Amino acid sequence: MKLTEYLRDKILLIVLHMTCMLLLAGFLSATGYETEYYLLIVIFWFLILTAWLGYGYYNRKCYFEELETVLAKMDQRYLLGELMPASHRLEDQLYRDLIRISNKSVIERIRQIEDEQKEYREYIESWVHEIKAPITGIDLMCENDKNDSTRRIRLENQKIENYVDMALYYARSDEVYKDYVIRKTDLQEIAAEVLKKNKLCLIQSRVQAEIDCRDSAYTDRKWITFILNQLVLNSMKYRREEGARIWISTAKYGHGVRLTVRDNGIGIREEELDRIFEKGFTGSNGRKRERSTGMGLYLCERMCQKLGIVIDVKSREQEGTEMILEFPVSSYLAKEL
């Protein structure tokens, strides 16, 4: 709070005092008082007014600075009314009571929204588990009756399964900590599992894939499998027409491990690289090739944040793309390596 703002707020009071000073000086002059006497009274009045305004400004400034300090330290700022510093001013007490009433309403609304989101998330999770049964059934029926038609059905069925998995992991992405176990994970095994799952898509798309993941990383097996699966699907989706290839490899850096998914596909425009992890962003490639949701890389980036993995991208248009995952190792584990 600035002094000029405080004085502007008190302008009516200041004008009132100045008017009273002039009226008093005029009255005393008219009744025969000597000039030095009524000037002394006016000056003394002016000094008292100045001191009172100065004290008021200092008092209010300290109060609001304390209030700002409390607010800056709070995680849930809508609870300010509960932690407002005490004040002897009736106006401050009334404001605090009003803010508390407002905060109570906000908290009740937040609780209601959280309950609704939890209920919806639980419904999505149960629906995903239910829908996986017929998806598996369709896959088994096609496996028992192999021909061109069933092969195409299996391919489309796998796409459905991938979208269903995206819905499940999106529903769980806010509460990753409830559903992960960090342990030493064989990245070669994870990569092989992802390629096996997408075998039909790889064959249909005529994409060759190579794995060279000799390193292990400390992460959650289920979540990193989903992330790697999304990266492989993206590489297949934006492949080149002839000679499409995907390379999955690992390398050490310091005490961590870097996993790279590289392809020789159509690449990403330089001006779009900073936006590919945004929710719903499809880019020029997504609009040209296939219908894209813009959710795959968004989910990958969001889950990497939860798991402490750094995700980065390097790409040149018409040359290919590298998606890089860096798995850091804690200082405690690093001493044992």
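Residues numbered from 1 in each chain as written. Predicted model: local features only at pLDDT ≥ 70, side-chain atom pairs only at ≥ 80, totals over all residues. Heavy atoms only, no water.

A. Here's a closer look at the sheet that holds strand β7 (residues 320-327). Taken in spatial order, the five strands line up as β2-β4-β5-β7-β6 in an open sheet, and their pairing is mixed. Each edge of the open sheet carries a strand with a single partner, namely β2 (207-212) and β6 (310-316). Direction aside, neighbouring strands of the sheet carry axes that sit 15° apart on average. Pairing analysis gives six bridges linking β2 to strand β4 (residues 244-253), with the strands arranged parallel. By the bridge assignment for β4, D212 is matched with S249. Where helix α7 (residues 187-197) meets the sheet, it contacts β2, β4, β5 (256-263) and β7, and its direction lies at approximately 165° from that of β2. (Pairing = 2+ DSSP bridges. Helix = DSSP H or I, 4+ residues; strand = E, 2+ residues; numbered from the N terminus. Axes fitted to C-alpha atoms, helices over the stretch in contact; angles between N-to-C directions. Contact = heavy atoms within 4.5 Å.)

B. Spotlight on the packing of aromatic side chains. This structure, assessed with the given rule, holds five aromatic pairs. Residues Y170 and Y298 carry aromatic rings whose centres are separated by 6.5 Å and whose planes lie at 50° to one another, so their mutual orientation is tilted. With Y170 in helix α6 (residues 148-172) and Y298 in helix α11 (residues 296-307), the pair connects residues that are 128 residues apart, well separated along the chain. In this structure Y170 comes out as partly exposed when scored by relative accessible area, which is 31%. The class of Y298 is buried, set by a relative accessible area of 15%. Geometry around Y253 places R258 over its ring, the cationic atom sitting 4.5 Å from the centre. Here the guanidinium or amino end of R262 rests over the ring plane of W247, the centre of that ring lying 4.2 Å away. (Phe/Tyr/Trp six-rings, centres within 6.5 Å; stacked < 30°, edge-to-face > 60°. Buried < 20%, exposed > 50% of the residue type's maximum accessible area, 1.4 Å probe, protein only. Lys NZ or Arg CZ within 6 Å of the ring centre and 35° of its normal.)

C. Structural context of the nonpolar core. Ranked by internal contacts, the top residues of the largest apolar core, which has 48 residues, are I227, I248 and L325. Top element by residues in this core is helix α9 (residues 221-237). It accounts for nine residues. When near neighbours in sequence (up to four residues on either side) are disregarded, L325 contacts I224, I227, L231, V257, R258, L259, C304, I309, V310 and I311. One finds I14, A25, L28 and Y38 within the second-largest nonpolar core, a separate group that totals ten residues. (Core = buried A, V, L, I, M, F, W, Y, C linked by side-chain atoms within 4.5 Å.)

D. Region of the structure containing the side chain of T219. Mapped onto the fold, T219 is located in strand β3 (residues 216-219). The buried category is assigned to T219, whose relative accessible area is 1%. Once residues within four sequence positions are removed from consideration, T219 is found in contact with V181, I182, R183, T185, I224, L307, I309 and F327.

E. Up close: the packing of α6 against α11. The interhelical angle for the contact between α6 and α11, taken along N-to-C directions, is 35°, at an axis separation of 11 Å. Relative to α11, the crossing made by α6 is left-handed. Between α6, through M166, Y169 and Y170, and α11, the contact on the second element is made entirely by G296, Y298, L299, R302 and M303. Residue composition of the contact of α6 with α11, grouped by class: six nonpolar, one polar and one charged. (Left-handed = near helix turned anticlockwise from the far one by under 90°. Nonpolar A, V, L, I, M, F, W, Y, C, P; charged D, E, K, R; others polar.)

F. A look at the confidence of the model for the protein. For the protein, per-residue confidence averages 85 on the pLDDT scale, and residues scoring 70 or more make up 94% of the total. The model gives residues 331-337 a pLDDT under 50, and that stretch makes five contacts with residues more than four places away or in other chains. (pLDDT = per-residue confidence, 0-100.)

G. Fine view of the packing of α7 against α9. It is at 9 Å that the axes of α7 and α9 come closest, and there the two elements cross at 50°. Judged on the interaxial angle alone, α9 and α7 are oblique. Both α7 and α9 take part in a crossing whose hand is right-handed. Taking contact as the criterion, the partners of E189, I190, A191, E193, V194, L195 and K197 in α7 are, on α9, R221, I224, T225, L228, N229 and V232. (Parallel < 35°, antiparallel > 145°, perpendicular 65-115°, else oblique.)

H. How the structure looks around the environment of R172. Residue placement: R172 occurs in helix α6. In this structure R172 comes out as buried when scored by relative accessible area, which is 16%. It is 8.2 Å that separates the C-alpha atoms of R172 and E125, two residues lying 47 residues apart in sequence.

I. Structural context of the pattern of salt bridges. Tallied over the entire structure, the rule returns 17 salt bridges. Between D215 and K252 there is a salt bridge; the shortest N-O distance is 3.8 Å. Placement of D215 in the loop between β2 and β3 and of K252 in strand β4 is noted, with a sequence separation of 37 residues between them. Its relative accessible area of 14% is what places D215 among the buried residues. Classification of K252 as exposed rests on a relative accessible area of 60%. Look at the salt bridges and you will find they share partners, linking R60, R89 and D92 into a network. (Salt bridge = Lys/Arg side-chain N within 4 Å of Asp/Glu carboxyl O.)

J. A look at unusual backbone geometry. Of note in the backbone geometry, R206 takes a positive phi value of approximately 55° without being a glycine. With respect to the helices and strands, R206 occurs in the loop between α8 (199-205) and β2. Residue class for R206 comes out exposed when judged on its relative accessible area of 60%. If you check the backbone angles, Q318 has positive phi at about 70° while not being a glycine. On the secondary structure map, Q318 appears in the loop between β6 and β7. When its relative accessible area of 54% is taken as the criterion, Q318 is described as exposed.

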